[in-house]
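Chain by chain, the residues:
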Amino acid sequence: MATIRNASQFGDESTPLIISHMHSPWNTSCFDKVLVAALAALFLCGTAFGIYLLFAQCQAAAIEDFDLVSREGWGIKDTAFLQQVPPLRHPLPTVLLVKVITNCTKPEQCLQHKEFERLPFNFYQDGLGTIFEGRGFELQADCHMADCAQVLTVAVLEQRNKAPSNRQLRTLKAFLDYAVMEQALDACFEVMSSHTPSRYFDDMTFTLRKMLREGGPCKYYY
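Below: a short report on this structure. Just so it is clear, the structure is predicted and the values come from calculations on it, not from any experiment.

Points about the environment of phenylalanine 81
Okay, step 1: Of note, phenylalanine 81 is situated in the loop between β1 (68-69) and β2 (92-101).
Okay, step 2: Beyond its immediate stretch of four places on either side in the chain, phenylalanine 81 contacts Glu117, Arg118 and Leu119.

Structure follows, in structure tokens:
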């Protein structure tokens, strides 16, 4: 006769399933690495943006140090003759200062003089340091040099036997700084002056060279 036994008589031979709630160490490490990389990228972007703002602020400061009046702003209406003037080749390696002795203190007062009719120079500076646009950064001036396409001329309006002011020097330096930033002038441009018996004008040229070369002969080069 067969004997029927209960399962409890043989004991429980089954193995219970173990459910683990532990996370893999590799997954945690990978997440940390991604987080660190994201934070590093954010830091680098913030640093780059800060440097850009600092550079923009320095550039704006240079622009604010002088006043630039356009041709239209000081009364030049007929500019058709400028269409025949050849262009400059940038960046320009030379700045030529030209002394213009005149009784008028501002360019708009000088328009009645024949030497101003065709705007022979790129820019003009009056006794107060204001810069006036002549032929500008794009067109050649009547510089009477071998290669006028590589020369930026600035006519300094002066009265006879009158020394240039410190303001004239500061604003002219700021204007040339601006020209470098606009890539109109080469970073290592040279300042020259037209021949004149005026020691004041020679002193102005020498002082301007010294001011522009502070911090190295090519401090703008980057």
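Now, onward.
So, helix α2 (residues 166-181)
Since one α-helical turn is 3.6 residues long, residues separated by three or four positions face the same way.
Okay, step 1: End to end, α2 covers 23 Å across 16 residues, agreeing with the expected 22 Å (1.5 Å per residue, within 8%).
Okay, step 2: Extensive coverage of α2 is indicated by the burial of 12 of its 16 residues.
Okay, step 3: Among the residues trailing α2, glutamine 183 stands out with phi positive, at a value near 65°.

Here's the deal with the sheet that holds β1
Okay, step 1: Read across the open sheet, the 6 strands follow the order β1-β4-β3-β5-β2-β6; overall the sheet is mixed. Bordering the open sheet on either side are β1 and β6 (185-193), each of which pairs with just one other strand.
Okay, step 2: Relative to strand β5 (residues 151-158), strand β3 (residues 123-125) is paired through 3 bridges, and the arrangement is parallel. Residue tyrosine 124 lies in a different strand from β5, and its bridge partner there is alanine 155.
Okay, step 3: α2 contacts β1, β2, β3, β4 (131-133), β5 and β6 of the sheet and is inclined by roughly 145° relative to β6.
Okay, step 4: Against the sheet, helix α3 (residues 199-212) touches β2, β3, β5 and β6, its axis set at about 160° to β6.

Some points on the pattern of salt bridges
Okay, step 1: One pass over the full model with this rule turns up 5 salt bridges.
Okay, step 2: Here glutamate 133 makes a salt bridge to arginine 71, at a shortest N to O gap of 3.4 Å. Separated by 62 residues along the polypeptide, glutamate 133 in strand β4 and arginine 71 in the loop between β1 and β2 bring together distant segments of the chain.
Okay, step 3: Since its relative accessible area comes to 16%, arginine 71 is described here as buried.
Okay, step 4: A salt bridge links glutamate 190 to arginine 209; the nearest nitrogen and oxygen atoms lie 3.8 Å apart. Remark: arginine 209 occurs in helix α3 and glutamate 190 occurs in strand β6; sequence separation between them is 19 residues.
Okay, step 5: Owing to a relative accessible area of 39%, glutamate 190 belongs among the partly exposed residues under this scheme.
Okay, step 6: In this structure arginine 209 comes out as partly exposed when scored by relative accessible area, which is 34%.

Conventions used here
- Residues numbered from 1 in each chain as written.
- Predicted model: local features only at pLDDT ≥ 70, side-chain atom pairs only at ≥ 80, totals over all residues.
- Heavy atoms only, no water.
- Helix = DSSP H or I, 4+ residues; strand = E, 2+ residues; numbered from the N terminus.
- Contact = heavy atoms within 4.5 Å.
- Expected span 1.5 Å × (residues − 1).
- Buried < 20%, exposed > 50% of the residue type's maximum accessible area, 1.4 Å probe, protein only.
- Pairing = 2+ DSSP bridges.
- Axes fitted to C-alpha atoms, helices over the stretch in contact; angles between N-to-C directions.
- Salt bridge = Lys/Arg side-chain N within 4 Å of Asp/Glu carboxyl O.

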